[in-house]
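Understanding the architecture of this molecule
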Amino acid sequence: MLDRERFAALVPTDRDLAPDECAALARSVAELVDLSALERGAESFQLLWRNEHSEAWLNQQLENRDTGFHDHSGSCVGVHVLEGVARNEVLVIGGGARRISEYGAGESFSFHGSGIHRMEHDNGAVTIHVYSPAISAIGHYDVVDGALRRTPAPPNEGSPPSPGLTAALGAES
Ligand SMILES: [Fe+2]
């Protein structure tokens, strides 16, 4: 059972949020989620709130999920992990080491609104994602015929993996 009224009491509605504020808000909301009361056994993506300045999702994964490289059309994000493991990869160009950070239960991170990133959620991961402002569109990236290509997608559609771009970046170290 999700108490959306208690979430709403935490959410500023008069301004956009900075990335670290999104992460802090995701963490505060996580404290109001009773994990033992969550319905299990099904993958779910539950909208916690959406207003002009922010939106938030509670996601449960039942299998490993790779979002591929994408942007949020200017919206920053803060993520808090309630259970399991999630990884965030910032797109690094120029042959440097891939920049992948791993987060476990109780950890949070944020990502600014003008970057390109990829997330992996392990099977069993439960995460809260706060975006600000509310996402208007997703841009999905992959390499097609050697060229980087951005494909726009609706905000509520999960973005697919980026096999060409991931291969071009080389092995994870
Ligand atoms: Fe994202």
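Each remark here, short or long, concerns the structure printed above.
In what follows, the accompanying structure is described. For every chain, the first residue of its written sequence is number 1, and the numbers climb from 1 along that sequence. With pLDDT at 70 or above as the cut-off, local features in this predicted model cover only qualifying residues; side-chain atom pairs require 80 or more to be listed or tallied, and sums for whole chains, interfaces and linings still use all residues.

A word on the overall build of the protein chain
Note the threshold: Helix and strand definitions follow DSSP, with helices as H or I runs of at least four residues and strands as E runs of at least two, each counted in order from the N terminus. Here the globule rule reads 2.2 Å times residues to the power 0.38, and the radius of gyration is calculated from C-alpha atoms. Here exposure depends only on C-beta density: within 10 Å of a residue's C-beta, 20 or more other C-beta atoms make it buried, 12 or fewer make it exposed, and intermediate numbers make it partly exposed, the C-beta atoms being placed from the backbone. For the purpose of contact definition, each residue receives a C-beta atom placed from its backbone, and two residues are in contact when these atoms lie within 7 Å.
Looking only at helices and strands, the protein chain has three helices and twelve strands in total. Computed over the C-alpha atoms, the radius of gyration of the protein chain is 16 Å, within 12% of the 16 Å expected from 2.2 N^0.38 for a compact globule of 173 residues. A principal-axis box enclosing the C-alpha atoms of the protein chain has dimensions of 50 × 35 × 25 Å. For the protein chain, buried positions account for 32% of its 173 residues. Across the protein chain, every contact between residues at least 6 apart in sequence was considered, and the portion connecting residues at least 24 apart equals 73%.

With respect to the environment of H53
Take H53: it is sitting in the loop between β1 (44-50) and β2 (55-60). Judged by C-beta crowding, with 16 C-beta atoms within 10 Å, H53 ranks as partly exposed. As a C-alpha pair, H53 and D14 span 39 residues in sequence and 7.3 Å in three-dimensional space. Those residues in contact with H53 that sit more than four places away from it in its chain are P12, T13, R15, D16, L17, S132 and P133.

Considering the nonpolar core
So the rule is basically this: Buried Ala, Val, Leu, Ile, Met, Phe, Trp, Tyr and Cys residues whose C-beta atoms connect them within 7 Å together make up a nonpolar core.
Grouped together as the largest cluster of nonpolar side chains are 27 residues, with contacts concentrated most on C22, A26, V29, V77, V79, I128 and V130. Residue assignment for this core shows that the elements contributing at least two residues are α2 (19-30), β2, β5 (76-83), β8 (108-111) and β10 (126-132). Contacts of V79, omitting those with residues within four sequence positions, involve A23, A26, A86, S108, F109, T127 and H129. Counting residues in hydrophobic clusters, the runner-up holds five residues, among them F69, I116, Y141 and L165.

Points about the sheet that holds β10
Filter applied, for reference: Should DSSP find at least two bridges between two strands, the strands are regarded as paired. Whenever a helix is involved, its axis is fitted only over the stretch in contact; in every case the axis is a line through C-alpha atoms, and angles between N-to-C directions fall within 0 to 180 degrees.
Ordered by their spatial adjacency, five strands build an open sheet running β1-β2-β10-β5-β8, and the pairing between neighbours is antiparallel. If you trace the sheet from one side to the other, it starts and ends with β1 and β8, each paired once. Averaged over all adjacent pairs, the angle separating strand axes in this sheet is 15°, with direction ignored. Strands β1, β2, β5, β8 and β10 of the sheet are contacted by α2, whose axis makes an angle of about 30° with β5.

A few points about unusual backbone geometry
Of note, the amide linkage connecting S132 to P133 takes the cis form, showing an omega dihedral of -10°. Within the secondary structure layout, P133 lies in the loop between β10 and β11 (138-144). Of note in the backbone geometry, S73 takes a positive phi value of approximately 50° without being a glycine.

Considering the pairing of β8
Residues of β8 alternate between two faces, with S108 and S110 on one and F109 and F111 on the opposite face, all of them buried. Taken together, the four bridges between β5 and β8 define a ladder with antiparallel strand orientation. In the strand pairing of β8, G78 is matched with S110.

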